[in-house]
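Analysis of the macromolecular model
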Amino acid sequence: MNLTAILPVLDYGSVLIFALTGALVASRAQLDPVGFIFMAALTAVGGGTLRDLLLGREFVFWVARPSYVLMAAAAALLVFWTAHLFESRYKWLVWLDSVALSVAVAAGAGVAMDGGFGPVIIIIMGVVTGTFGGLMRDVVGNEVPLVLKQGELYLTAAFGGATAAVLLDICGFERVVALICGGIVVWTLRAGSL
Amino acid sequence: MNLTAILPVLDYGSVLIFALTGALVASRAQLDPVGFIFMAALTAVGGGTLRDLLLGREFVFWVARPSYVLMAAAAALLVFWTAHLFESRYKWLVWLDSVALSVAVAAGAGVAMDGGFGPVIIIIMGVVTGTFGGLMRDVVGNEVPLVLKQGELYLTAAFGGATAAVLLDICGFERVVALICGGIVVWTLRAGSL
Amino acid sequence: MNLTAILPVLDYGSVLIFALTGALVASRAQLDPVGFIFMAALTAVGGGTLRDLLLGREFVFWVARPSYVLMAAAAALLVFWTAHLFESRYKWLVWLDSVALSVAVAAGAGVAMDGGFGPVIIIIMGVVTGTFGGLMRDVVGNEVPLVLKQGELYLTAAFGGATAAVLLDICGFERVVALICGGIVVWTLRAGSL
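These remarks concern the structure in this document.

The rules we used
Residues numbered from 1 in each chain as written. Chains lettered and ligands numbered in written order. Predicted model: local features only at pLDDT ≥ 70, side-chain atom pairs only at ≥ 80, totals over all residues. Heavy atoms only, no water. Least-squares fit on C-alpha atoms with pLDDT ≥ 70 in both. Contact = heavy atoms within 4.5 Å. Helix = DSSP H or I, 4+ residues; strand = E, 2+ residues; numbered from the N terminus. Expected span 1.5 Å × (residues − 1). Buried < 20%, exposed > 50% of the residue type's maximum accessible area, 1.4 Å probe, protein only. Polar contact = N/O pair within 3.5 Å; in protein donor to acceptor, adjacent residues only side chain to side chain. Buried area = accessible area lost by both parts, 1.4 Å probe. Salt bridge = Lys/Arg side-chain N within 4 Å of Asp/Glu carboxyl O. Nonpolar A, V, L, I, M, F, W, Y, C, P; charged D, E, K, R; others polar.

Topic: the relation of the copies chain C and chain A
Note on the identical chains: chain C maps onto chain A by a rotation of 120 degrees and an axial translation of 0.0 Å, with an RMSD of 0.0 Å. What the superposition gives is, in effect, a three-fold axis relating one chain to the other. Identified as the residue of chain C closest to the rotation axis by C-alpha distance is Leu53(C), at 4.4 Å. When the interface residues of chain C are mapped onto chain A, a mere 10% of them again lie at the interface, so each copy presents a different face.

Here's what the structure looks like:
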């Protein structure tokens, strides 16, 4: 499998799932539909946007392909019409966030690998892409940032998974395999701490 | 009228009015004159700065023309010396913010139109330019973000106006006319909800 | 002394000291070691990152030289293992922050001078580089932003020092001398207000 080909798949995946978590925060804050779209889009593309600006990529990923934002908007409206059916929105939020974190760490590390950056920058971009969308969601939506919750391996999970991906890459594994394993490490650590 | 020629006018307008709102938040937080300038400048150029970074413009607008920031500083000092004369600073804040929002949405959408971007990006840049300066002001100044107030059409107004501008542009209206109408739609929706 | 040669020294200095303050906030929030590293790195490189993005530099300083981030991480772990020895972490935080502010204002103004920007942009970059790392630390770490504390010359100190550096530069002093004097002005004003 080709690394460059799989990167948009990872970005679409993390955008979709983070969008759902952003919409759940909008639901807890009782916003209107446009508020759902705003929080979903902010959460969905926040981390990847920061990654692209920091790496000096020619275009921010969703400016080049606006379909990312349209997907986030669709996810927001889906949650808007169904959120009242959920029993515990916060539980859904935390679990979906753990999946989004895993995919986004892989997406961030993958873009940095593909750009030819060294191990330190690859790890940082994994952590930044994974955590900043959720951090913006929590700061704007006035929730206690998940990053800062004590006793939960949030940053540690992101850091551990990104490091695992780098190590597997250095050991000669295919990059796509290294990223997938990295994502699994993130999720195992994060879910195990919940 | 020429679109490229009118864009700085819109940017100057939104910078001036947003600066006044930032200074009013500084007044409510009882800051010193430099604090007024900081809050005014942050609010005034925050949204347009994010727009320029996201679109990958060669220079952020106020780095290319520092007079924008000087104007924001002048507005801050004006408010510093007169704020005690106002009876209700919060009311002034909200109403001035509604005007600034309208002008900034037009400014953001206009820059994206001028850069040759498609409808989705034009709408997003209108919303981002209109809302992020005020959002940074509220997060840093510890006010409840206007974006998140329930029952007030803040994001909806920005979104509706930007969409109107795009539709009028597609229907063949002159871009300057489309932007002005878009701004009027923003203000009508926002003021009507107050 | 050569300006271009001294700029990395100033960046390293401010990164190291700001990292210590970020780790102290992590300690007050009782985070785990990775949380210490996250807060230290965010504080250490936040202001300089924003400066580099705003000035459109080809690479953000720590993306070009990841050793900045490694140093911040080392400082974070040092604080993690020793923080329990300090009697008043908040006092250390405020005093270290005053030194970091002084060095970072000089670093920010120096980069803008070196890039050939005018006086207004030099002053703004001094203030932005000096204050935004600490601002992000306080917003994310849920502390009252030092920038906004009443009766403390925080922004005024940054602004005064950056202005002093610009004036000395205009008067024909060597740029390295102007920056060092500017940093001393920042620290004198800030420390004098504590």
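Quick notes on helix α5 (residues 89-114) of chain A
Residue and element names in this part refer to chain A. Between its first and last C-alpha atoms α5 spans 37 Å; for 26 residues at 1.5 Å apiece the expected length is 38 Å, and the two agree. The buried fraction of α5 amounts to 19 of the 26 residues, a majority that puts the element mostly inside the structure. Count one or two residues on from α5 and you reach Gly116, which has phi positive near 80 degrees.

So, the relation of the copies chain A and chain B
Of the transformation superimposing chain A on chain B, the axial component is 0.0 Å and the angular component is 120 degrees, with the fit at an RMSD of 0.0 Å. Residue by residue, only 10% of the interface of chain A is reproduced at the interface of chain B, so the copies engage with different surfaces.

Digging into the environment of Trp187(C)
Residue and element names in this part refer to chain C. By secondary structure assignment, the location of Trp187 is in helix α8 (residues 175-192). On the accessibility criterion, Trp187 (35% relative accessible area) is partly exposed. Spatially, the C-alpha atom of Trp187 lies 21 Å from that of Ser88, the residues being 99 residues apart in sequence. Once residues lying within four places of it in the same chain are set aside, the contact partners of Trp187 are Trp95, Ser98, Val99, Ser102 and Gly192. At 3.0 Å, the side chain of Trp187 and the side chain of Ser98 are in polar contact.

Looking at the interface of chain A and chain B
If you look at the interface, chain A gives 20 residues, while chain B gives 20 residues. In total, about 1,600 Å² of surface goes out of reach between chain A and chain B, with carbon and sulfur atoms giving 82% of it. At the junction of chain A and chain B, the tally comes to 0 salt bridges. Linking chain A with chain B are 1 residue pair in polar contact (both at pLDDT 80 or more). At the level of elements, α2 (33-55), α3 (61-64), α4 (67-82) and α6 (119-140) of chain A are the ones that each hand at least two residues to the side of chain A that touches chain B. For the side of chain A that touches chain B, the element with the most residues is α2(A), which contributes 7 residues. The class makeup of the residues in the side of chain A that touches chain B is 15 nonpolar, 4 polar and 1 charged.

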